[in-house]
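Survey of secondary and tertiary structure
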Amino acid sequence: MNGTFDILIIGAGAVGCAVARELARYQLSIAVAEKEWDVAAGTSGRNSAVVHAGFNNRPGSLMAKFCVEGNQGFEAACRELDVPYRKTGKLLTAFDQEDLATLRRLKEQGERNGCKGLRLLDQAELHDRLPQVGGIGAMLSPETAVFDPFLYTVALAENALANGVTFFLGHPVTAIQPTPQGFSVTAGGKAFLARRVINCAGLFSDQVAALAGVEGYRIYPCRGEYFILDQTDPPLLPLPVYPAPKAGAGGLGVHLTPTIHGNLLIGPSAEYIDSPEDTASTRPVMDELLRQAQQLLPGLSPGKIIGAFCGVRPKQAPPGEGGFRDFVIREEESCPGLINLVGIESPGLTSSLPIARRVVEIVGQGMDLVPRADFQPERRGIPRFREKSPEEQAALIAQDPEYGDVVCRCRTITRAELRRAVENPLGVKTLAGIKYRAWATTGRCNGGYCLPKLAQMLVEDYGLDPTQVTYRGPGSPLFTGRVKP
């Protein structure tokens, strides 16, 4: 037996890590099992990075309740966890009378949900605010924000770890057997005992539920493709711009989103696919992304594109139905002690902490939850050299000379930041893990300059053999052998 815990959480996306952090407030032994070699390796790390306001969701639904609650507490959570966050607002644009009717409906729906400050703009107001944007009218959502979803998930995990949660990365769950005391779980070839199991497996939540004998759930993976545009000064857009959503669509439509790091995202598409791990970019979809983006922003040049990526939504609504079904968050009557979270798609990131608090309520119905007097809610991240004043930069270099060695020139990222990324509390030493913690390799050269230096650092300073340098862990090597003896 490799571990006995009060709680075993399956899945280390934003919701799983938020659940771990919220439960760490109590005197419990908690573990998280994740099949990938880092947190946020699935949907949580591949999305539009938007804190939604809550007007898109059906009144009375968990999606609406938790999105509005999450939005209103998100800035404080990011401040506590030292995560980049910026309240930008958002515009939904209309191109015909049907779209204008949709915006009026969304404004009314948002107000019923508790959204603040929603306002309709006519064409003159829209063009006065953003003359570069097309459309005949818009709705302004002032409470929408942008943030870094990967760092948010990392921060939740690091804070949970600091408060006693144990993480088992690279441990796919292959068996769940109910026992008189709770559950016997096999993960990564190891056996665990837990009084409660919380299924936060996202795209694989239906499969995890079935392992425990709970049938009837079905996740339909829906792929969203994105373009990444280079930074510009001034930015192409100061806030996200969305089209008015169309009925039955699997997402919110192709939109333009400035990121917290200064890029602009185009996307996502919405295409049902067979495999939850199919994150391929496809030429026909990408061509359509650009066409729709140029409708929103007529002056957009494809020459600004520096990259692409894909995310996959864990939808409960099948092809043909489209739209959104509500979150499932419940303890299963047929399997007491198993708490299933199924269909946690957008706005799941925005809703992550309210969802976690709901899970704590469910856990508390069957277990005594004794608060910990020593819970530490704050977490500090890596100081960002490029964001500091010249005086602050000089002080950092005086404290650590490696802050004076810029390794990633596109993003002005120093060796000191990269070293802190490598030495992260979760012990992740993949290139993707370093990338998302320090943001190296994300500039216009896509790592052409700094990636070899990162690999060299892992080999020379941290003792990895070149064949052990991977992008995401086993199965993604950068080098397969030597060309010189």
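Looking at helix 12 (residues 451–460)
Along helix 12, the residues that are buried comprise Leu454, Ala455, Met457 and Leu458. What you see down the axis of helix 12 is that its buried residues fit within an arc of 155°, all on one side.

Topic: the sheet that holds strand 3 (residues 50–51)
What the 3 strands build is an open sheet, ordered 3-8-4; its pairing is antiparallel. Of all strands in the sheet, those with a lone pairing partner are strand 3 and strand 4 (85–87), marking the two edges. Where strand 3 lies against strand 8 (residues 145–147), 2 bridges are found, and the strand directions are antiparallel. Its bridge partner lying in strand 8, valine 50 is registered against valine 146.

Some details on the pattern of salt bridges
Per the stated rule, a full pass over the model turns up 30 salt bridges. Across the pair aspartate 230 and arginine 444 runs a salt bridge, and its minimum N-O distance is 2.8 Å. Linking aspartate 230 in the loop between strand 13 (220–229) and strand 14 (241–243) with arginine 444 in the loop between helix 11 (431–438) and helix 12, this pair joins segments that are 214 residues apart in sequence. It is possible to trace a salt-bridge network through shared partners that takes in Arg21, Glu22, Arg25 and Glu80.

Here's the deal with the packing of aromatic side chains
Taken as a whole and assessed by the stated rule, the structure comprises 11 aromatic pairs. With 5.7 Å between their ring centres and 80° between their planes, phenylalanine 147 and tyrosine 152 make a pair best called edge-to-face. Each member of the pair, phenylalanine 147 as well as tyrosine 152, is classed as buried. Each ring, one from phenylalanine 150 and one from tyrosine 436, has its centre 4.5 Å from the other, and the planes form 25°; the classification is stacked. Taken together, the positions of phenylalanine 150 in helix 5 (residues 149–162) and tyrosine 436 in helix 11 put the pair 286 residues apart, joining distant regions of the chain. The exposure class of phenylalanine 150 is buried, given its relative accessible area of 4%. Its relative accessible area of 14% is what places tyrosine 436 among the buried residues. Connected via pairs of aromatic rings, a cluster forms that spans Phe74, Tyr85, Phe147 and Tyr152. The cationic tip of lysine 90 hangs over the ring face of tyrosine 242; the distance from NZ or CZ to the ring centre is 3.9 Å.

Observations regarding the environment of histidine 261
If you trace the backbone, histidine 261 turns up in the loop between strand 15 (255–258) and strand 16 (264–267). For histidine 261, a relative accessible area of 13% puts it in the buried group. Spatially, the C-alpha atom of histidine 261 lies 21 Å from that of aspartate 38, the residues being 223 residues apart in sequence. Polar contacts involving the side chain of histidine 261 include one to the side chain of aspartate 148, which spans 2.7 Å.

Considering unusual backbone geometry
Cis rather than trans, the peptide bond between aspartate 233 and proline 234 has omega equal to 5°. Within the secondary structure, proline 234 is located in the loop between strand 13 and strand 14. The omega torsion across glycine 267 and proline 268 is 0°, close enough to zero to call that bond cis. With respect to the helices and strands, the residue proline 268 is situated in the loop between strand 16 and strand 17 (271–272).

So, the nonpolar core
Grouped together as the largest cluster of nonpolar side chains are 78 residues, with contacts concentrated most on Ile9, Leu23, Tyr152, Ile198, Ile329 and Leu341. If we skip the residues at most four places from it in the chain, leucine 23 touches Ile7, Ile9, Leu28, Ile30, Ile198, Val360 and Val363. In this structure, Phe183, Val208, Ile273 and Val328 belong to the second largest nonpolar core, which totals 29 residues.

Let's talk about the side chain of threonine 153
By secondary structure assignment, the location of threonine 153 is in helix 5. Classification of threonine 153 as buried rests on a relative accessible area of 0%.

Focus: the packing of helix 1 (residues 14–23) against helix 5
The description of two packed helices rests on the angle between their axes and on the distance between the axes. For the pair helix 1 and helix 5, the least separation of the axes is 8 Å and the interaxial angle reads 30°. Taken together, the axis directions place helix 1 and helix 5 in an arrangement best described as roughly parallel. The two elements helix 1 and helix 5 meet at a crossing, and its hand is left-handed. Residue-level contacts link Ala14, Cys17, Ala18, Ala20 and Arg21 of helix 1 to Tyr152, Thr153, Leu156, Ala157, Asn159 and Ala160 of helix 5. Residue classes in the contact of helix 1 with helix 5 are distributed as 8 nonpolar, 2 polar and 1 charged.

Here is what the cut-offs are and how they apply
Residues numbered from 1 in each chain as written. Predicted model: local features only at pLDDT ≥ 70, side-chain atom pairs only at ≥ 80, totals over all residues. Heavy atoms only, no water. Buried < 20%, exposed > 50% of the residue type's maximum accessible area, 1.4 Å probe, protein only. Helix = DSSP H or I, 4+ residues; strand = E, 2+ residues; numbered from the N terminus. Arc of directions from axis to C-beta. Pairing = 2+ DSSP bridges. Salt bridge = Lys/Arg side-chain N within 4 Å of Asp/Glu carboxyl O. Phe/Tyr/Trp six-rings, centres within 6.5 Å; stacked < 30°, edge-to-face > 60°. Lys NZ or Arg CZ within 6 Å of the ring centre and 35° of its normal. Polar contact = N/O pair within 3.5 Å; in protein donor to acceptor, adjacent residues only side chain to side chain. Core = buried A, V, L, I, M, F, W, Y, C linked by side-chain atoms within 4.5 Å. Contact = heavy atoms within 4.5 Å. Axes fitted to C-alpha atoms, helices over the stretch in contact; angles between N-to-C directions. Parallel < 35°, antiparallel > 145°, perpendicular 65-115°, else oblique. Left-handed = near helix turned anticlockwise from the far one by under 90°. Nonpolar A, V, L, I, M, F, W, Y, C, P; charged D, E, K, R; others polar.

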